[in-house]
Amino acid sequence: MSNNNQLLPQMATVIEIVNETANIKTFRIRLNDKAAMNSLTFKPGQVGQLSLFGIGESTFVINSSPTRMEYLQFSILKVGEVTQKLHQLKVGDQIGVRAPLGNAFPCEKMKGKDILFIGGGIGMAPLRTLLVYMLDNRDDYGKITLLYGGRSPGDMAFQEDLHEWTSRKDMETVLTIDNPFEGWDFEVGLIPNILLDMAPSPENCVAVTCGPPIMIKFTINALKKLSFPDEAILTTLERRMKCGVGLCGRCNIGEKYVCVDGPVFTWAELKLLPSEL
Amino acid sequence: MNVLETMKKCIREALPDLDMVMGWEQGFDTLHATPLFMETAEDVDRLILGPTCVQSLAVHLPSLKGKKIGVVVKGCDSRAVVQLLSENLLNRENLVIFGFGCDGVVSLSRLKKKLGALDFIESAEKKDDRLCIEINGEQQDLPFDDICAPKCLTCSRPNAIISDHFAGPQRTPRIPAKGKTALEKFEEKSLPERFDFWKAQMQRCVRCYACRDSCPMCVCRDHCVAVSRNPHFVSQEATASENFMFQLIHVMHLAGRCVSCGECERACPMDIPLGLLRAKSTEVTSALFNQEAGLDQEAVLPLLSFNIEEETIEEHD
Amino acid sequence: MNNIFILRKDIDPWIKRMAEERTVFAPVHEGDAVVYRACDSGLRVELDTMPTTSPKEIVFPQNETLLTYTRGSGNEDGSVGVETTETLPSGKAVIFGTRPCGARGLLIFDQVYNNERIRDAYYAARRENTLTITIACNRPRPTCFCNSVGGAPDDSKGSDIMLYPLDDGFVAEALTSGGEELLALAPSSPAGEKAVKAKAKAGQAIETMGSPMDLSEVRKKFDLCFTDLAFWEKHSGKCLSCGICTYLCPTCYCFNITDEGSEEKGKRLRSWDNCMSFNFTAEASGHNPRSAKAMRLRNRIGHKFVYYPELHEDRLACCGCGRCITACPSSVDIRNIVKAVQEYSHE
């Protein structure tokens, strides 16, 4: 990001595209300015604004890990005008990037703790960056558990990763879909219910959850039932954003701006904010 | 009992069966009325009727669909209600209309042009065909026709044309003064002159959309083409040409529907004479379809009906 | 600093001289509105009433081009490059004839747009090259409430020059070195005893305003009434959700960013946006955290009287100019809403 003008994007090139699901694509991009790419740093959880000139900008979490800086990765669900156009990108196309923006997961504070990831649908994207980061710094963290759910097998993104994660011995991976499906060998059921069945211990554990608002709500209820303290529940929020730097005034919840004070919040912090989700 | 007290009595009697009744109360000074949403008998005490009751409360009706609402209407406001009913945007059975005969309303814009800033107004009272004002410690006595809303000068329907309760006497419609209308005068100018005029007016527009949001017939509300990105008809640039484009879209969407209430022009903080655009569109549509909006609840919108051959439209080869 | 006296008839020549170096924006009549326009001379400057629009547009224009872009020709690999050009504003300006509330509005902007945390390049480029000449108010309007939000009719904060009106002219005082330079261009005479008289007059103006509103409980009570949607529905009922209050407000700083043009060529534009509009927070998914007018009005009040003070040392994001009251087609009075919050009790 240019030092003196936060609203000016840097140009980047799409170097790889992965078709994750029918409506999610992953884009790997590299800044055109090699020196800028080499000096770029970010923390897991931070976001970026992607620009398609003539269409506009949208905010997405950087879901690659800062431990692997050969590219920046964004996984994008097709919903609106910008994301539809993004899905039409080809390898080699140019896009604008403003990144990193926002806060990050407290990776340092989480050291030595057990980590429980609970992701639903595209909500897996912000968890991926942290999970990969932790796996790359495996000794710093305790037991790592992932619970990831989608509506159907076809909605499960990150197949490449899932393959790796399910076969790793140093983490536990639980996958679930909403309804039974032929050939599906994993769990069937809604994420909060599966979570209650798993009954993870809240002892020295931090839960990180992201997904559709309704899933987050019931997942937090489940975590509370399992006696997770409010401070040990982390989530990331989404809001319509324009500037990404705390100016344009639309992503606020009370005096907090999701773009600069977030997107990562503990449940303890969220409870103090006005109820305007 | 005077008109106001009769109206209050009607409303108090009807209120128990309604969620609320919309009328006006005194605003921050004697020249400004503000909408009053009456829910209790005490609220009704604050009701006023008079030359400052400018707002067309019909604008709020579509968003209150589903509730049982009463609304106080002047003649021009009632036309908006009729038009909304004819477009099936309101349920008649959920609506109680309190009409009265209107004596005309004040145009603050015209008054400002006469008196300068209106900040220090002590009192204002309509006495027959004059407005008596105390401003800056001075008494001013102005012919009402000089400072009334332009629509009142030619008002043919001062009485609510639809009502469940009518308070006070019927007013006599105005016989339009001889002489040219504002539109006729404007059209005497040459095309370049008119274009220059609109360029100057439109560069002042700040795109606050008050003209749209105060319009009882602008029912797209939160889905207006002015902010749509797809289609991307108008840019966010507040230049004269883009502003004019928006205003012309607005007029076109109101063709055959505009009830000439003048709320767009009144709401404009920049004093852009939007009424001229409306007047032109009304002139054209009524000439083509021999129909005026907001008079007949059963009428079909001219632009929603289709004749193979329109009597008044000359076909081009 | 020295006080001088400038005759009313000398204002125009003064503006003309300042305009040789800077763009001078001064209030002029257009229709029944009074708007800021670039003046050199010949335009009749209106210095006796509060302008309809606020001076914010001079440092934060309704539309600001952030960059321009052009799609280049295809690369060898079939991909297409895009050239972008940053478009920072340049040039010096003078805001002539704002009121103290307008100058205060700019200070409220500074807290957000140009501070230790962030320096908005476009805003800073304009603001740092703009001088402010303010007219003290001898007769605040009935809708004025600057005395409730930390200001005063003769408040000189944020101004480079203060003009204190008398019948035949203005006593002028420079408050900064930039102001002194501008003042040196004015045809003038020593103010002498007029200075005391003019300042006393402006100083007394606050006494005509009535006592300041008690806002001491607003932040505490706002928390209490936040979830009382019926309260907010009652106060927003007559609001039309239009943008008058936000666009005329000297302190409303929210914006939108859109690309205007084709995918081949165009500009990225920053435009004023309106928090009272449904579209402001509508998300692509269809979700809208402030879908109802009541929620939007709550956010507008919250932003000005609760959230901004929370972030900026208890200062309010309202300068009390009353434009939102006088220009509102429904005559919504923000003072009544804030008062209702202050007096809120849940039953």
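Definitions and cut-offs
- Residues numbered from 1 in each chain as written.
- Chains lettered and ligands numbered in written order.
- Predicted model: local features only at pLDDT ≥ 70, side-chain atom pairs only at ≥ 80, totals over all residues.
- Heavy atoms only, no water.
- Helix = DSSP H or I, 4+ residues; strand = E, 2+ residues; numbered from the N terminus.
- Rg over C-alpha atoms; globule rule 2.2 N^0.38 Å.
- Buried < 20%, exposed > 50% of the residue type's maximum accessible area, 1.4 Å probe, protein only.
- Contact = heavy atoms within 4.5 Å.
- Areas by Shrake-Rupley, 256 points an atom, 1.4 Å probe, with all protein chains shown as cover.
- Lys, Arg positive; Asp, Glu negative; His and termini not counted.
- Charge placed at Lys NZ, Arg CZ, Asp CG, Glu CD.
- Buried area = accessible area lost by both parts, 1.4 Å probe.
- Salt bridge = Lys/Arg side-chain N within 4 Å of Asp/Glu carboxyl O.
- Polar contact = N/O pair within 3.5 Å; in protein donor to acceptor, adjacent residues only side chain to side chain.
- Nonpolar A, V, L, I, M, F, W, Y, C, P; charged D, E, K, R; others polar.
- Pairing = 2+ DSSP bridges.
- Axes fitted to C-alpha atoms, helices over the stretch in contact; angles between N-to-C directions.
- Parallel < 35°, antiparallel > 145°, perpendicular 65-115°, else oblique.

## Some details on the overall build of chain B
Scanning chain B from terminus to terminus reveals twelve helices and eight strands. By the compact-globule yardstick of 20 Å for 317 residues, chain B fits well, its C-alpha radius of gyration being 20 Å. Over its C-alpha atoms, taken along the principal directions, chain B stretches across nearly 65 × 50 × 40 Å. Residue burial in chain B is summarised as follows: out of 317 residues, 50% are buried.

## Describing the overall build of chain A
A tally of regular secondary structure across chain A gives seven helices and 15 strands. Expected size for 277 residues packed as a compact globule is a radius of gyration near 19 Å; at 18 Å, chain A falls within 12% of this value. Across its three principal axes, chain A shows a C-alpha extent of roughly 50 × 45 × 35 Å. Burial analysis of chain A (277 residues in total) assigns 62% to the buried set. In chain A, of all internal contacts separated by at least 6 residues, the share reaching a separation of at least 24 is 68%. Total accessible area on chain A stands at roughly 11300 Å², and carbon and sulfur atoms take up 50% of it. Charged side chains of chain A number 28 positive and 31 negative; the gap between the two group centres comes to 5 Å.

## Description of unusual backbone geometry
The omega torsion across A99 of chain A and P100 of chain A is -5 degrees, close enough to zero to call that bond cis. Counting through the fold element by element, P100 of chain A comes out in strand β6 (residues 94-101). The residue after G262 of chain A, namely P263 of chain A, is reached through a cis peptide bond having omega 10 degrees. Relative to the helices and strands, P263 of chain A resides in the loop between β14 (256-257) and β15 (264-266). A positive phi angle is found at N204 of chain A, which is not glycine, with a value near 50 degrees. Mapped onto the fold, N204 of chain A is located in the loop between α5 (191-198) and β11 (205-210). With relative accessibility at 40%, the residue N204 of chain A sits in the partly exposed group. For R221 of chain B, which is not glycine, the phi dihedral falls at a positive 50 degrees.

## Describing the interface of chain A and chain C
Of the residues lining the interface, 40 residues belong to chain A; the matching set on chain C comes to 48 residues. Across the chain A/chain C interface, buried area totals approximately 3700 Å², and carbon plus sulfur atoms make up 54% of it. Along the contact surface separating chain A from chain C lie three salt bridges. For E57 of chain A, the salt bridge is made with R268 of chain C, and the minimal N-O distance between the two is 3.5 Å. Inspection of the chain A/chain C interface yields 18 residue pairs in polar contact (both at pLDDT 80 or more). Looking at the side of chain A that touches chain C, the elements that each hand over two or more residues are β3 (47-52) and β4 (56-61) of chain A. Residues that form the side of chain A that touches chain C fall into these classes: 16 nonpolar, 14 polar and ten charged.

## Notes on the pairing of strand β1 (residues 10-19) of chain A
Residues and elements named next belong to chain A. Judged from the four bridges that link them, β1 and β6 form a sheet pairing that is antiparallel. Following the sheet pairing, Q10 is matched in β6 by V97. Judged from the seven bridges that link them, β1 and strand β2 (residues 24-31) form a sheet pairing that is antiparallel. Bridged to V14 within β2 is I29. As consecutive antiparallel partners, β1 and β2 are separated by four residues.

## Structural notes on the packing of helix α7 (residues 218-225) of chain C against helix α12 (residues 334-342) of chain C
Residue and element names in this part refer to chain C. It is at 8 Å that the axes of α7 and α12 come closest, and there the two elements cross at 80 degrees. Relative to α12, the element α7 lies roughly perpendicular. Together, V218, K221, F222 and C225 of α7 and V338, V341 and Q342 of α12 make up the contact between the two elements. Grouping the constituent residues of the contact of α7 with α12 by class yields five nonpolar, one polar and one charged.

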